[in-house]
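# Survey of secondary and tertiary structure
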Amino acid sequence: QVQLVESGGGLVQTGGSLRLSCSASGRTSSVYAMGWFRQAPGKEREFLATVRWSTGTTYYADSVKGRFTISRANAQNTVYLQMDSLRPEDTAVYYCAASKYGGRWSLRSLYDYWGQGTQVTVSS
């Protein structure tokens, strides 16, 4: 079992920045990759970015390339999402996820563990 806890969400103005953190505990040796998703009201959960834990290889959704950056701190079992140039349409609950295996990174079904989410609100 792996537990994930997100933090760092909050209220920010358009053009501002936030850095989200996700800390993993439990059987962290089983984690192959960690990623970030978000879900806005009335919309499906959307893939944002993922990082291969062993190599640091990253993959981003087109919608956030150039604005969001995913990174990891291996010793702390923590993954980050640096979000810059935020827009009102970025408002959503942001979720951290961990997978036991590789596959199609953008698919929700790949990920075995999920955090409870952290709210990000971007005001205009």
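For the structure itself, look to the data block above.
Below or above, wherever it landed, is the structure these notes cover. These numbers come from a predicted model, not from an experiment.

Any aromatic ring pair is given by two values, namely how distant the centres are and how the planes are angled relative to each other. Taken as a whole, this structure holds six aromatic pairs when the rule is applied. On the basis of an interplanar angle of 10° and a centroid distance of 6.0 Å, the ring pair of Tyr32 and Trp105 is categorised as stacked. Here Trp105 lies in the loop between strand E9 (92-99) and strand E10 (113-114) and Tyr32 lies in the loop between strand E3 (18-26) and strand E4 (33-39), a separation of 73 residues in the sequence. One aromatic cluster is present, built from ring pairs that chain together Phe37, Phe47, Tyr59, Tyr111 and Trp114.

Now for empty space enclosed by the protein. With the rule as written, the count across this model stands at one cavity of 30 Å³ or more. Quantified by volume, the largest cavity comes out at close to 30 Å³. Forming the walls of the largest cavity are Ala24, Thr28, Val31, Met34, Trp53 and Asn77. When its residues are assigned to classes, the lining of the largest cavity shows four nonpolar, two polar and no charged.

Next up on the list: the environment of Ala33. Mapped onto the elements, Ala33 comes out in strand E4. For the pair formed by Ala33 and Thr57, sequence separation is 24 residues and the distance between their alpha carbons is 9.4 Å. Contact partners of Ala33, with chain neighbours within four places excluded, come to Thr50, Val51, Arg52, Trp53, Ala97, Ala98, Ser99 and Trp105.

Turning next to the pairing of strand E7 (residues 68-73). Pairing of E7 with strand E8 (residues 78-83), which is carried by six bridges, proceeds in the antiparallel orientation. Directly across from Arg72, in E8, lies its bridge partner Val79. Connecting E7 to the next strand, E8, in antiparallel fashion are four residues, including Asn77 with a positive phi near 50°.

So, on to the pattern of salt bridges. In this structure the tally under the stated criterion is five salt bridges. A salt bridge links Arg38 to Glu46, with the shortest nitrogen-to-oxygen separation between them at 2.9 Å. A relative accessible area of 29% places Glu46 in the partly exposed class. Glu44 is the salt-bridge partner of Arg108, the closest N and O atoms lying 3.8 Å from each other. Of this pair, Arg108 sits in the loop between E9 and E10 while Glu44 sits in the loop between E4 and strand E5 (46-52); the two residues are 64 residues apart in sequence, bridging distant segments of the chain.

Rules behind the numbers
Residues numbered from 1 in each chain as written. Predicted model: local features only at pLDDT ≥ 70, side-chain atom pairs only at ≥ 80, totals over all residues. Heavy atoms only, no water. Phe/Tyr/Trp six-rings, centres within 6.5 Å; stacked < 30°, edge-to-face > 60°. Helix = DSSP H or I, 4+ residues; strand = E, 2+ residues; numbered from the N terminus. 1 Å grid on protein atoms, 1.4 Å probe; cavity = no way out; pocket = protein on both sides within 12 Å on 5 of 7 lines; lining within 4 Å. Points joined across faces, edges and corners; volume = space filled by probe spheres on them. Nonpolar A, V, L, I, M, F, W, Y, C, P; charged D, E, K, R; others polar. Contact = heavy atoms within 4.5 Å. Pairing = 2+ DSSP bridges. Salt bridge = Lys/Arg side-chain N within 4 Å of Asp/Glu carboxyl O. Buried < 20%, exposed > 50% of the residue type's maximum accessible area, 1.4 Å probe, protein only.

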